[in-house]
Amino acid sequence: MSAIPDPFAPSAESIPRSLPPSGGIGLKSVHYQNVLDDAAAAKRPSWVEVHPQNYFGDGGPAHRWLTAIAEAYPLSFHSVGLSLGSADGLNADDLEKLAALCDRYQPAMVSDHLSWSGNAHDRYPDLLPIPYTREAFAHLAAQIAKVQDRLQRPILIENPSRYLSYRDDDMSETDFIHALCRQTGCGLLFDINNVEVTATNVGLDMDGYIDAIDPALVGEIHLAGHAREDHDSGPLLIDDHGSMVTDTTWRLYRRFLERAGPKATLIEWDTDIPAYDVLMAEVGKAEAIIADQQPQKPRHALAR
């Protein structure tokens, strides 16, 4: 007996295998129709990213929209629930649901976070920092290997936004990330807003961090805004993805692309969702910087 086709799955010939080195957006339900309208008009964005946990149900309107959008755009799955750094191991239920969703939509990219968000008894809606120790490294490497084995693909791991650092760290964050990528074969989702947040909160050199990252490891870039609180001890930046990208993050992004060249770049806006035109204006800023890194076509001499 032949298999019954999945009515919510995109057709195989429509599935792209990589993200274009151009601007994308985090897909929100309020923008579904805008995104489809732009596809019909051949406008931006070039690709979209979703949190797969929002699509773990088997059917319904969310899947009908996502199927239509997946026919028109490359997809990136940015998971927020695997909890790779949890001492008790990753969230096995989320992994199985993520694997099923990857089979269904075949996204061009899959990613999660260098963090933990639960223990044996509870799960938290936060991405909490891990220590950069040899023990934590061995644990993270093992969890990433499990994910990649199950999904049968390499994944990207996002650098965190941190509000504290650990006294007993054995290595820097950039060294930890590079070693993790070499050990597991995963890549880096480079969140440049997180560099500004972390560097401000724990006292790192932002430019030094940007310059330390190997561009060959970066499969995707995130840009976002953040909130700021001013205290007697100094500023505290909160990674809330609720505003425009800051001038500092734009500067760091340009600095990185001057060395790395064009990269797939997402505008991430998860709270206080703006009007679609506002979001797309941010995409336009990213694409203008990307365009500056494109090699210029040689000018041909005029015939005499």
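The structure presented is a predicted model; accordingly, all values stated were derived computationally and were not measured.

Rules behind the numbers
- Each chain has its residues counted from 1, running along the sequence as written.
- Totals for whole chains, interfaces and linings use every residue, but because this is a predicted model, local features are given only for residues with pLDDT of at least 70 and side-chain atom pairs only at 80 or more, for both listing and counting.
- To get the side-chain values, take all heavy atoms of the structure and skip hydrogens and water.
- Only protein atoms enter the calculation, which uses a 1 Å grid: trapped sets of points that fit a 1.4 Å probe without letting it out are cavities, open sets showing protein on both sides within 12 Å along at least five of seven lines are pockets, and any residue with an atom within 4 Å of a point is a lining residue.
- Grid points are joined across faces, edges and corners, and a volume is the space filled by probe spheres set on the points.
- Strands here are runs of E lasting at least two residues and helices are runs of H or I lasting at least four, both read from the DSSP assignment and numbered beginning at the N terminus.
- Think of it as three bins: nonpolar holds Ala, Val, Leu, Ile, Met, Phe, Trp, Tyr, Cys and Pro, charged holds Asp, Glu, Lys and Arg, and polar takes everything else, Gly as well.
- Exposure is judged per residue with a 1.4 Å probe applied to protein chains only, and the accessible area is read against the type maximum: over 50% gives exposed, under 20% gives buried, and values in between give partly exposed.
- Any Lys or Arg side-chain nitrogen found within 4 Å of a carboxyl oxygen on Asp or Glu counts as a salt bridge.
- Think of it this way: a Phe, Tyr or Trp ring, Trp meaning its six-membered ring, pairs with another when their centres are within 6.5 Å, and the plane angle makes it stacked under 30 degrees, edge-to-face over 60, tilted otherwise.
- Only strands joined by at least two bridges in the DSSP assignment are considered to pair.
- An axis is simply a line fitted to the C-alpha atoms; with a helix, the fit covers only the stretch in contact. Between two such axes, the angle follows the N-to-C directions and lies from 0 to 180 degrees.
- Contacts are residue-level and defined by heavy atoms, with any inter-residue pair within 4.5 Å sufficient.

Student: Would you explain the layout of surface pockets in this entry?
Tutor: Gaps left between atoms show up when a probe the size of a water molecule is rolled over them. As a volume, the second largest pocket reaches approximately 160 Å³. Lining the second largest pocket we find 14 residues, and of these Arg162, Ser172, Glu173, Leu204 and Tyr209 sit closest to its centre. Secondary-structure elements contributing two or more residues to the lining of the second largest pocket are α5 (173-184) and α7 (206-212). Residue contributions to the lining of the second largest pocket peak at three residues, all from α7. Residue composition of the lining of the second largest pocket, by class: six nonpolar, four polar and four charged.

Student: Explain helix α6 (residues 192-202) to me, please; I cannot follow it from the model alone.
Tutor: Three or four residues apart is the spacing at which side chains of an α-helix point the same way, because the helix has 3.6 residues per turn. In terms of residue burial, α6 counts as a mostly covered element, since nine of its 11 residues are buried. Of the positions making up α6, those classed as buried are Ile192, Asn193, Asn194, Val195, Glu196, Val197, Thr198, Ala199 and Asn201. In the segment just after α6, Gly203 is the residue with positive phi, at about 80 degrees.

Student: What exactly am I supposed to notice about the pattern of salt bridges here?
Tutor: Any two side chains of opposite charge can pair, given that their charged atoms come close. This model, assessed by the stated rule, comprises 11 salt bridges. A salt bridge links Asp211 to Arg255; the nearest nitrogen and oxygen atoms lie 2.7 Å apart. Taken together, the positions of Asp211 in helix α7 and Arg255 in helix α8 (residues 247-260) put the pair 44 residues apart, joining distant regions of the chain. Among the ionic pairs, Asp230 bridges to Arg228, the shortest N-O distance being 3.0 Å. You'll find Asp230 and Arg228 in the same group, each marked exposed. A single network of salt bridges, built from pairs that share partners, joins Asp207, Asp211, Arg251 and Arg255.

Student: I keep staring at the packing of aromatic side chains and nothing clicks. Help me out?
Tutor: The geometry of an aromatic ring pair is captured by the separation of the ring centres together with the interplanar angle, meaning the angle of the planes. According to the stated counting rule, one finds seven aromatic pairs in the structure shown. Relative to Tyr209, the ring of Phe190 lies with its centre 6.3 Å away and its plane at 10 degrees, an arrangement referred to as stacked. Of this pair, Phe190 sits in strand β8 (residues 187-191) while Tyr209 sits in helix α7, and the two are 19 residues apart along the sequence. In this structure Phe190 comes out as buried when scored by relative accessible area, which is 0%. One aromatic cluster is present, formed by Tyr132, Phe137 and Phe176 through successive ring pairs.

Student: I would appreciate a short explanation of empty space enclosed by the protein in the present structure.
Tutor: Under the counting rule described, the total for this entry stands at two cavities of 30 Å³ or more. Empty space within the second largest cavity amounts to approximately 30 Å³. As for the second largest cavity, its lining consists of Leu114, Ile157, Ile177, Leu180, Cys181, Cys186, Gly187 and Leu188. Of all elements in the fold, only α5 and β8 reach the threshold of two or more residues within the lining of the second largest cavity.

Student: How do you make sense of the sheet that holds β8 when you look at a structure like this?
Tutor: To summarise the sheet geometry, strands pair through backbone hydrogen bonds and adopt either a parallel or an antiparallel arrangement. Ordered by their spatial adjacency, eight strands build a closed barrel running β1-β2-β3-β4-β7-β8-β9-β12, and the pairing between neighbours is parallel. Strand after strand, the sheet turns through a mean of 25 degrees between neighbouring axes, direction not considered. Where strand β3 (residues 75-78) and strand β4 (residues 109-113) come together, three bridges link them in parallel fashion. Paired with Phe77 across the two strands is Val110, which belongs to β4.

Student: Help me out: how do you make sense of the side chain of Ser76 in this one?
Tutor: The residue Ser76 is located in strand β3 in this model. Overall, the relative accessible area of 0% leaves Ser76 in the buried class. Not counting residues up to four positions away in its chain, the partners in contact with Ser76 are Leu19, Trp47, Val48, Glu49, Val50, Met109 and Glu220.

Student: Just checking my understanding: could you explain unusual backbone geometry for this structure?
Tutor: For residues other than glycine, phi is negative in most cases, and the peptide bonds are mostly trans. With an omega of 0 degrees, the peptide bond between Arg44 and Pro45 qualifies as cis. With respect to the secondary-structure elements, Pro45 resides in the loop between α1 (32-40) and β2 (47-50). The residue Gln152 is not glycine, and still its phi comes out positive at about 60 degrees. Tracing the backbone through its elements, the reader meets Gln152 in the loop between α4 (134-151) and β7 (156-158).

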